[in-house]
Amino acid sequence: MTMMQEEHRLAVLGAGTMGVGIATLAIGYGVPVVLIDIDADRRAEAPDKVRQQLRMAQLMGGLRRDAQAGPLTVTDSLDAVAEATVVVESITERPEWKAKLVAEVSTVLPAGTPVLTNTSGIPVDELAGAALRPEDVLGAHFMNPPYLIRAIEVVRGPRTAQASLDTALDLLTRLEREPVVVGDGPGFVINRVLQRMINEASRIVQDGIADPAAVDALFTGCLGHRTGPLATGDLIGLDNVVDSLRVLLDRTGDEGYRPSELLIDKVRAGDLGRKTGRGFHDYQGVQR
Ligand SMILES: NC(=O)c1ccc[n+]([C@@H]2O[C@H](COP(=O)([O-])OP(=O)(O)OC[C@H]3O[C@@H](n4cnc5c(N)ncnc54)[C@H](O)[C@@H]3O)[C@@H](O)[C@H]2O)c1
């Protein structure tokens, strides 16, 4: 039987859309969080964003209102991960950046501390190969926003140790998440399907067959999806969609993952979705 942690302390690498959301979730359950980012603006904005999201999550019933929030520390120093019981890596979807960071982090951490990558599609074993101890690396693919969506895709790589998986599941269960454990491979389960769907939907718009509102209306109205593929892309961030598609294309050779011209044009224009106020849809005046 594996010894479980008495108390958890979480380190989150990357204070972007997902890192801030994951930090909010943990803090909402009283878990102390160290949030690390190399970008000074992201670090400066993070405490306010976490506070706002905490309030929103409580209002929307995602987090309890009476729970004592955990403390948040924001820093650019990787040394701060040393005290963590679990590390979540949630930086930009660039394989070489992630591999370098996973390698660096593993030199600071004691053996047996799980490193969970929130990658959208880079095989866990590829990143594990960069770590000092590949057995401590696994995937935890949180959905956006992490404090509202309880289900989480947990990816066990071929070298992931049972003890690391157990510690990760222990934390996720304490955060009242509902882990679904799957095997490794480009895009795992969700993004192998979802990224292709967003790409195909954007090609439909590019080809003039339907506009974004019509595409999404068919998925919500006819298929009962909560959001259509293009609104989902806007929520994810179209820069992240393009990065994820490139990861999938490079690792599968499947042309269906080649990012559409329209997606590339939107990223080039800075229309990244909700986070910039415009993507396939317009979000001016909408809380982001
Ligand atoms: N956006 C989504 O809906 C979503 C959902 C699930 C998973 N993901 C995955 O989560 C990860 C983060 O995505 P995001 O949307 O939050 O991206 P983002 O662009 O909003 O944030 C990425 C952050 O990482 C920081 N960063 C880059 N290199 C770093 C380093 N070496 N050390 C510390 N910080 C560093 C950047 O400064 C930035 O603040 C990606 O792997 C993405 O594929 C995203």
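Residues numbered from 1 in each chain as written. Predicted model: local features only at pLDDT ≥ 70, side-chain atom pairs only at ≥ 80, totals over all residues. Heavy atoms only, no water.

If you check an unreviewed UniProt entry, the protein appears there as Methoxymalonate biosynthesis protein from Micromonospora luteifusca. UniProt, in the comment section headed Sequence similarities (unreviewed entry), describes the protein in these words: "Belongs to the 3-hydroxyacyl-CoA dehydrogenase family." (UniProt positions renumbered as here; feature names shortened; annotations may be inferred.)

Visitor: Any chance you could explain helix α5 (residues 162-174) here in plain terms?
Guide: Each turn of an α-helix holds 3.6 residues, which means side chains three or four residues apart point in the same direction. With 13 residues, α5 extends 18 Å from end C-alpha to end C-alpha; this agrees with the ideal 18 Å at 1.5 Å per step. Looking only at α5, the buried set comprises S164, L165, D166, T167, A168, D170, L171 and L172. Here the buried face of α5 lies against β1 (10-13), β4 (86-89), β5 (115-117), β6 (137-141), β7 (151-155) and β8 (178-182). E176 occupies a position one or two residues after α5 and carries a positive phi of about 55°. (Helix = DSSP H or I, 4+ residues; strand = E, 2+ residues; numbered from the N terminus. Expected span 1.5 Å × (residues − 1). Buried < 20%, exposed > 50% of the residue type's maximum accessible area, 1.4 Å probe, protein only. Contact = heavy atoms within 4.5 Å.)

Visitor: Could you clarify how one ought to interpret the packing of helix α6 (residues 190-206) against helix α10 (residues 261-268) in this entry?
Guide: The packing of two helices is summarised by the inter-axis angle and the distance between the axes. Axis separation between α6 and α10 bottoms out at 8 Å; the angle between their running directions is 90°. Overall, the two elements α6 and α10 adopt an arrangement that is roughly perpendicular. Listed contacts from α10 to N199, S202, V205 and Q206 of α6 are E261, L262 and L263. Partitioned by chemical class, the residues of the contact of α6 with α10 number three nonpolar, three polar and one charged. (Axes fitted to C-alpha atoms, helices over the stretch in contact; angles between N-to-C directions. Parallel < 35°, antiparallel > 145°, perpendicular 65-115°, else oblique. Nonpolar A, V, L, I, M, F, W, Y, C, P; charged D, E, K, R; others polar.)

Visitor: What is the right way to read the site of the ligand from this model?
Guide: Inspection of the region around the ligand gives 26 residues, with D37, E93, K98, S120 and I236 positioned closest. Residue I91 places a main-chain N or O atom 3.2 Å away from an oxygen atom belonging to the ligand. At 2.8 Å from a nitrogen atom of the ligand is found a main-chain nitrogen or oxygen belonging to I236. Calculation on the ligand without its partners gives an accessible area of 840 Å², and the protein chains cover 91% of this total. It is helix α3 (residues 95-108) that provides the largest number of residues to the shell around the ligand, a total of three residues. Taken together, the residues of the shell around the ligand break down into nine nonpolar, 11 polar and six charged. Taken together, domain 1 (10-182) and domain 2 (190-276) each give at least three residues to the shell around the ligand, which thus spans both. (Near = heavy atom within 4 Å. Polar contact = N/O pair within 3.5 Å; in protein donor to acceptor, adjacent residues only side chain to side chain. Areas by Shrake-Rupley, 256 points an atom, 1.4 Å probe, with all protein chains shown as cover. Domains from an automatic or database assignment.)

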